[in-house]
Amino acid sequence: MKNLVSLVVFMTNFSCTPDQKAGVNESRTVEKAAVFDAKEKVLPNNAKLETFAFPAEVEGCSCYFAKDRQDFEQERYVYVDEFGKNAFLKSEGKIIKIPLKKEDFEGDKFTRKIQNKEISVEIDGIKIKDMEEVMMFEGNMTVTYKTGEKITTPIYGECGC
């Protein structure tokens, strides 16, 4: 029996190529690096774009997105807006406020293109769930800085009243 266990361990260790083993180890490292307890954090691989809590000045109908469902449930957002007023992001330790001109809903799609002197933001989302007065979306957000640096992150969140 002991020899059988040794054989299984031996085969498992040598059945993968070094590249495959490295990929497994790298994915575990990324998973561990993405776990944070704080409400605000820098997103892995997106050093400039940070999460933040819901802004106090946003009241009523709004859209708010996190990078994934876990961050959404922990209220760590990468984008929040108040319908027809302002959008908010956090970058390099400061909240960036961008005036909104109009809402962009087309059926089951959510798109937004906004900018100020510092950054431009493009959001493309698809409705994944429709609830009473609330729609859930998944998609991507691309932030382009005036330096030309571009950061794209997945988004998950909702719009509603």
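Everything below is about the structure shown above.
Residue positions are given per chain, counting from 1 as you read along its sequence in written order. Confidence filtering applies because this is a predicted model: local features only for residues at pLDDT of at least 70, side-chain atom pairs given and counted only at 80 or more, and all residues used for totals across whole chains, interfaces and linings. Excluding hydrogens and water, the side-chain values take into account all heavy atoms of the structure.

Caption draft 1: Spatial organisation of the environment of Ile155. On the secondary structure map, Ile155 appears in strand S11 (residues 150-160). Residues Ile155 and Gly139, spaced 16 residues apart in sequence, show a C-alpha to C-alpha distance of 5.2 Å. Every residue in contact with Ile155, bar those within four places of it in the chain, is listed here: Phe65, Ala66, Lys67, Val78, Ile123, Phe137, Glu138, Gly139, Asn140 and Met141. Every helix listed is a DSSP run of H or I at least four residues long, and every strand listed is a run of E at least two residues long, numbered separately from the N terminus. Note on definitions: a residue-residue contact is assigned when non-hydrogen atoms from the two residues lie within 4.5 Å.

Caption draft 2: Representation of the nonpolar core within the structure. Phe65, Tyr79, Leu89, Ile119, Val121, Met141 and Val143 are the most contacted members of the largest nonpolar core, which has 22 residues in total. Mapped by element, the contributors of at least two residues to this core are strand S3 (62-66), strand S5 (86-91), strand S6 (94-99), strand S8 (109-115), strand S9 (119-131), strand S10 (134-145) and S11. No other element matches S10, which puts 4 residues into this core. Apart from the residues lying within four places of it in its own chain, the contact partners of Tyr79 are Phe52, Cys63, Tyr64, Phe65, Ala87, Phe88, Leu89, Leu100, Arg112, Ile114, Ile123 and Met141. By size, the runner-up hydrophobic cluster in this structure holds 10 residues, among which are Phe72, Val80, Phe88 and Tyr156. Side-chain atoms within 4.5 Å link the members of a nonpolar core, which is a set of buried Ala, Val, Leu, Ile, Met, Phe, Trp, Tyr and Cys residues. Burial classes follow relative accessibility: with a 1.4 Å probe on protein chains only, a residue under 20% of its type's maximum area counts as buried, one over 50% as exposed, and anything between as partly exposed.

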